[in-house]
Amino acid sequence: MWLSRRGWPGVLGLWSYDLQRSSFARTWSGYKGPMAETLSTQVGTTGGLKALHQQNGDGGGDAIVGPPPELPKLAGQEVEPAPVGGEHASTAAQGPGKRKKRRGATGERVVPPPKKRRTGVSFGDEHFAETNYYFEGGLRKVRPYYFDFRTYCKGRWVGHSLLHVFSTEFRAQPLAYYEAAIRAGRLHLNEEPVQDLNIVLKDNDFLRNTVHRHEPPVTAEPIRLLAENEDVVVVDKPSSIPVHPCGRFRHNTVIFILGKEHQLKELHPLHRLDRLTSGVLMFAKTAAVSERIHEQVRDRQLEKEYVCRVEGEFPNEEVTCKEPILVVSYKVGVCRVDPQGKPCETVFQRLSYNGHSSVVQCRPLTGRTHQIRVHLQFLGHPILNDPIYNSAAWGPSRGRGGHIPKTDEELLRDLVAEHQAKQSLDVLDLCEGDLSAGLTDSAAPSSELGKDNLEELAAAAQKMEEVVEAVPQDLGTIALAPEKAIETDVMNQETDPLCAECRLVRQDPLPQDLVMFLHALSYKGPGFEYFSPMPAWAQDDWQED
């Protein structure tokens, strides 16, 4: 089960987990248990109460309690429920069959203990059926759909009301939105509809929020199958498609497309490619194969080769860059060369030069985030169309030699402002709801609902309340049983009166704008070697626009 790295636009920014993040652990008040699952890849979801930061390195995420039993977890991972502090600890010590039944004082709200998670696959047919694709203008698009985000109460929320939590942590929407969500039956506490935002949260409280979810478009270029055997699946990933669910992406990911269109399920990603990077991508079919290849990764028995097109005339001789790399922001996804960073090494060799730009072979000997892109920026030859590391936000020299004439905070603010103006925040794995006061100009446009919208919001909530009363199942059913959603017009809506995203008009990107000139050309290890074709932009006869 993976946690999401991002929150959804303007809705409960930190209440999230999806089947997506690589680690989770309990953080209940008075308890720090061993309940955790790990996966070496990095992922996230569009929405939900946002994880604040990742741990320093290439993966990790905000700690969160395990999911409810109806949600499957990663295949091959068995996790027993851990005891919790206080009364739970004492009853756990009594042994099987002797658990003391927890009772509250008269009138006290009793919270049931967390349920054991059942084994299962990471994603299955019930997830793939949540919505469907359509193609338009060279883009693959996902029809908006209803989705449940779920979490157990975080330790810092215990003893505080929902009103306090929303007003202090989740300010992307006004309190009127959450009041409207309650009236529409969107918020649940321990599977009971929330009636009052003044309710005080307790240990083990289970929260569920139903949202109307939108995903950004990706290229319509198909995912090509390069190889398949009993152990692995190898594909040629197009640029713009994330490997796993992350940020605002869920169905527009390699994992979901392979499951929905190629019936390739229960796959274990063996390595990570950035969303804008194309090329060879490997998946294991079993946990055993995954562990074997990850052991080869740890022993540095695998070799990866990339090709890119960079600014200017790259030196003809082989160039090795060993500059350490520091993560500036996990939230925005930006790194830079810094003496305090992690050690890394990349070997570069020029393949061709057309008078304006060079095609360069890249061999990363370590696996830091954005390693190739950051090293090329440092060398003064950033990737020709890199939307982050070839940005004017870095200053006149664009980061060459590590010269950045501004603070990290100023750099992040300028990068966000540039992509916000271009309506391309997805490049930074951000959405409008992720923007805090430190990341954006207060004068910049926002998708938040202001005071002028409150009357409209209240009317929309009333409409949704009537809809919920007219339909036997609540909105959560739409997310959990999408195959039934098509039975009525109500459950098949692509617009939602409470959804801020539905109010926005976004301009579609051009397909060529979704391509970055960085391609994973080959992946080689003991007993295997896989190649993908050289992309068109790396050919000798390629002409720049």
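Here the structure is a predicted model, which is why all the values come from computation and not from measurement.

**Section: the environment of Lys-265**
Argument step 1. Following the sequence through the fold, Lys-265 ends up in the loop between α5 (254-261) and β12 (268-269).
Argument step 2. Counting along the chain gives 140 residues from Lys-265 to Asp-125, while the straight-line C-alpha distance between them is 9.0 Å.

**Concerning the packing of aromatic side chains**
For any pair of aromatic rings, the description consists of the separation of the ring centres together with the inter-plane angle of the planes.
Argument step 1. In the structure shown here, the tally under the stated rule is 13 aromatic pairs.
Argument step 2. Members of the aromatic cluster, joined through ring pairs, are Phe-123, Phe-128 and Phe-256.
Argument step 3. Across from the ring centre of Phe-147, 4.6 Å away, lies the NZ or CZ of Arg-213, which sits over that ring.
Argument step 4. Positioned above the aromatic ring of Tyr-133, the side-chain terminus of Lys-260 is 4.9 Å from the ring centre.

**Some thoughts on the side chain of Asp-338**
Argument step 1. Tracing the backbone shows Asp-338 in the loop between β17 (334-337) and β18 (346-353).
Argument step 2. Residue Asp-338 is classed as buried on the basis of its relative accessible area, which comes to 13%.
Argument step 3. Within polar-contact distance, the side chain of Asp-338 engages the side chain of Arg-336 at 2.6 Å.

**Topic: the nonpolar core**
Argument step 1. Leu-258, Phe-283, Cys-308, Val-334, Phe-348, Leu-376 and Trp-394 are the most contacted members of the largest nonpolar core, which totals 68 residues.
Argument step 2. No other element matches α5, which puts 5 residues into this core.
Argument step 3. Residues from two domains meet in this core; each of domain 1 (145-213) and domain 2 (303-434 + 510-531) gives at least three.
Argument step 4. Phe-348 has contacts with Phe-314, Glu-317, Glu-318, Val-319, Cys-321, Val-360, Gln-361, Cys-362, Ile-372, His-375, Leu-376 and Leu-379, leaving out every residue within four places of it along the chain.
Argument step 5. Of all hydrophobic cores here, the second largest spans 19 residues; its members include Leu-162, Val-165, Tyr-178 and Ala-180.

**A short note on the sheet that holds strand β5 (residues 145-152)**
Argument step 1. Across the sheet, which stays open at both edges, the 4 strands sit in the order β5-β8-β6-β7 with antiparallel pairing between neighbours. One side of each edge strand has no neighbouring strand; the edge strands of this open sheet are β5 and β7 (192-193).
Argument step 2. In terms of strand pairing, strand β6 (residues 187-189) meets β7 through 2 bridges, oriented antiparallel. Following the sheet pairing, His-188 is matched in β7 by Pro-193.

**Topic: unusual backbone geometry**
Argument step 1. One non-glycine residue with positive phi stands out, namely Gln-263, at about 55 degrees.
Argument step 2. The topology assignment puts Gln-263 in the loop between α5 and β12.
Argument step 3. You will see that His-370, though not glycine, has its phi angle at about 60 degrees, which is positive.
Argument step 4. Take His-370: it is sitting in the loop between β19 (357-364) and α7 (371-378).

**A look at the pairing of β18**
Argument step 1. Inspection of the sheet shows strand β15 (residues 319-321) paired to β18 by 3 bridges, in the antiparallel sense. Looking at β18, one finds that Thr-320 is bridged to Val-347.
Argument step 2. Of the pairings in the sheet, the one linking β18 to β19 comprises 7 bridges and is antiparallel in character. In the strand pairing of β19, Ser-352 is matched with Val-359.
Argument step 3. Turn length for the β18-β19 hairpin, with the two strands adjacent in sequence and antiparallel, is 3 residues, and the turn residue Gly-355 shows positive phi of about 100 degrees.

**Thoughts on helix α6 (residues 287-298)**
Argument step 1. The first and last C-alpha atoms of α6 sit 16 Å apart over 12 residues, in line with the 16 Å expected at 1.5 Å per residue.
Argument step 2. Those residues of α6 that sit buried are Val-289, Ser-290, Ile-293, His-294 and Gln-296. Projection of α6 onto a plane perpendicular to its axis shows the buried side chains occupying an angular sector of 150 degrees, all on one side. Exposed side chains of α6 directed beyond 90 degrees from the buried face belong to Ala-288 and Arg-298.
Argument step 3. Residues of α6 that are buried in the fold lie against β11 (232-237), β12, β13 (278-284) and β21 (528-531).

**Focus: the sheet that holds strand β9 (residues 218-219)**
Argument step 1. Pairing is antiparallel across the open sheet formed by 3 strands, whose spatial order is β3-β4-β9. The open sheet has two edge strands with one neighbour each: β3 (133-136) and β9.
Argument step 2. Each of β3 and β4 (139-142) touches α5; the most contacted strand, β3, lies at about 105 degrees to it.

**Here's the deal with the state of the cysteines**
Argument step 1. Taken as a whole, this structure holds 0 disulfides when the rule is applied.
Argument step 2. Of all cysteine sulfurs in the structure, the one in Cys-362 sits closest to Cys-308, which takes part in no disulfide; the separation is 3.5 Å.
Argument step 3. Here Cys-308 falls in the buried class, since its relative accessible area comes to 0%.
Argument step 4. With no disulfide partner, Cys-502 has as its closest neighbouring cysteine sulfur the one in Cys-499, 3.6 Å distant.

**Focus: the UniProt feature "active site" (unreviewed entry) in the protein**
Argument step 1. Those residues carrying the UniProt feature "active site" (unreviewed entry) are Asp-274 in this numbering.
Argument step 2. Mapped onto the elements, Asp-274 comes out in the loop between β12 and β13.
Argument step 3. Apart from the residues within four sequence positions on either side, Asp-274 is in contact with Lys-237, His-370 and Arg-373.

**A short note on the pattern of salt bridges**
Argument step 1. For the structure on display, the rule yields 25 salt bridges.
Argument step 2. For Glu-261, the salt bridge identified is with Arg-140, shortest N-O distance 2.7 Å. With Glu-261 in helix α5 and Arg-140 in strand β4, the pair connects residues that are 121 residues apart, well separated along the chain.
Argument step 3. A single salt-bridge network, built from bridges that share partners, covers Asp-148, Arg-150, Glu-191 and Arg-208.

Reading the values: rules and limits
- Residues numbered from 1 in each chain as written.
- Predicted model: local features only at pLDDT ≥ 70, side-chain atom pairs only at ≥ 80, totals over all residues.
- Heavy atoms only, no water.
- Helix = DSSP H or I, 4+ residues; strand = E, 2+ residues; numbered from the N terminus.
- Phe/Tyr/Trp six-rings, centres within 6.5 Å; stacked < 30°, edge-to-face > 60°.
- Lys NZ or Arg CZ within 6 Å of the ring centre and 35° of its normal.
- Buried < 20%, exposed > 50% of the residue type's maximum accessible area, 1.4 Å probe, protein only.
- Polar contact = N/O pair within 3.5 Å; in protein donor to acceptor, adjacent residues only side chain to side chain.
- Core = buried A, V, L, I, M, F, W, Y, C linked by side-chain atoms within 4.5 Å.
- Domains from an automatic or database assignment.
- Contact = heavy atoms within 4.5 Å.
- Pairing = 2+ DSSP bridges.
- Expected span 1.5 Å × (residues − 1).
- Arc of directions from axis to C-beta.
- Axes fitted to C-alpha atoms, helices over the stretch in contact; angles between N-to-C directions.
- Disulfide = S-S within 2.5 Å.
- UniProt positions renumbered as here; feature names shortened; annotations may be inferred.
- Salt bridge = Lys/Arg side-chain N within 4 Å of Asp/Glu carboxyl O.

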